[in-house]
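Reading the structure
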Amino acid sequence: QVQLVESGGGLVQPGGSLRLSCAASAITFSMYVMGWYRQAPGKERELVATISPGRNTNYGDVVKGRFTISRDNAKNTVYLEMNSLKPEDTAVYYCNARATRIYWGQGTQVTVSS
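Here the structure is a predicted model, which is why all the values come from computation and not from measurement. (Residues numbered from 1 in each chain as written. Predicted model: local features only at pLDDT ≥ 70, side-chain atom pairs only at ≥ 80, totals over all residues. Heavy atoms only, no water.)

**Here we look at the pairing of strand 8 (residues 77-82)**
- Within strand 8, five of the six residues are buried, which leaves the element mostly enclosed by the surrounding structure.
- Strand direction decides the pairing type here: strand 7 (residues 67-72) and strand 8, joined by six bridges, are antiparallel. Within strand 8, the position partnered with F67 by the bridge is M82. (Buried < 20%, exposed > 50% of the residue type's maximum accessible area, 1.4 Å probe, protein only. Helix = DSSP H or I, 4+ residues; strand = E, 2+ residues; numbered from the N terminus. Pairing = 2+ DSSP bridges.)

Take a look at the structure:
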């Protein structure tokens, strides 16, 4: 059974940093485009970042220059380093794996507040 398990969310003050992790199981991780998406209350889910098997990256406009996505194929894990966090970054962050099929994690809450 495919599982994507996110971790690392929490409460952080504006300007702070967090690192999210997503551990995948039961997929050939190295062949998947891995991504992070987020959904704030009352809003649609939006792209945060993706990373291809070849490590090409793509970022949503609102996080460019502040967030960095990376992957460790040996650990079947994708990371999201988030810096200079703003209150508007508050959302549930979802891990995504995409190849011939698409899988989603359960999400991890990130709250940016003083």
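**Quick notes on unusual backbone geometry**
- For A26, which is not a glycine, the phi torsion comes out positive at approximately 70°.
- Here A26 lies in the loop between strand 3 (18-25) and strand 4 (33-39).
- Positive phi outside glycine occurs at N76, with the angle close to 50°.
- Along the chain, N76 falls in the loop between strand 7 and strand 8.
- Given the relative accessible area of 25%, N76 is considered partly exposed.

**A short note on the nonpolar core**
- Ranked by size, the top nonpolar core spans 30 residues in total, and within it M34, W36, V78, L80, M82 and Y93 carry the most contacts.
- Mapped onto this core, the elements with two or more residues apiece are strand 3, strand 4, strand 5 (46-51), strand 7, strand 8, strand 9 (91-98) and strand 11 (108-112).
- Those residues in contact with M82 that lie beyond four places of it in its chain are G16, S17, L18, L20, R66, F67, Y93 and V110. (Core = buried A, V, L, I, M, F, W, Y, C linked by side-chain atoms within 4.5 Å. Contact = heavy atoms within 4.5 Å.)

**Considering the pattern of salt bridges**
- Enumeration according to the criterion identifies five salt bridges in this entry.
- A salt bridge links E46 to R38; the shortest N-O distance between them is 2.6 Å.
- Classification of E46 by relative accessible area gives partly exposed; the value is 32%.
- Close ionic contact of D89 with R38 constitutes a salt bridge, the shortest N to O distance being 2.9 Å. Of this pair, D89 sits in the loop between strand 8 and strand 9 while R38 is found in strand 4, placing the two residues 51 residues apart along the sequence.
- R38 gets classed as buried once you look at its relative accessible area, which sits at 6%. (Salt bridge = Lys/Arg side-chain N within 4 Å of Asp/Glu carboxyl O.)

Any functional reading would require information that these geometric values do not contain.
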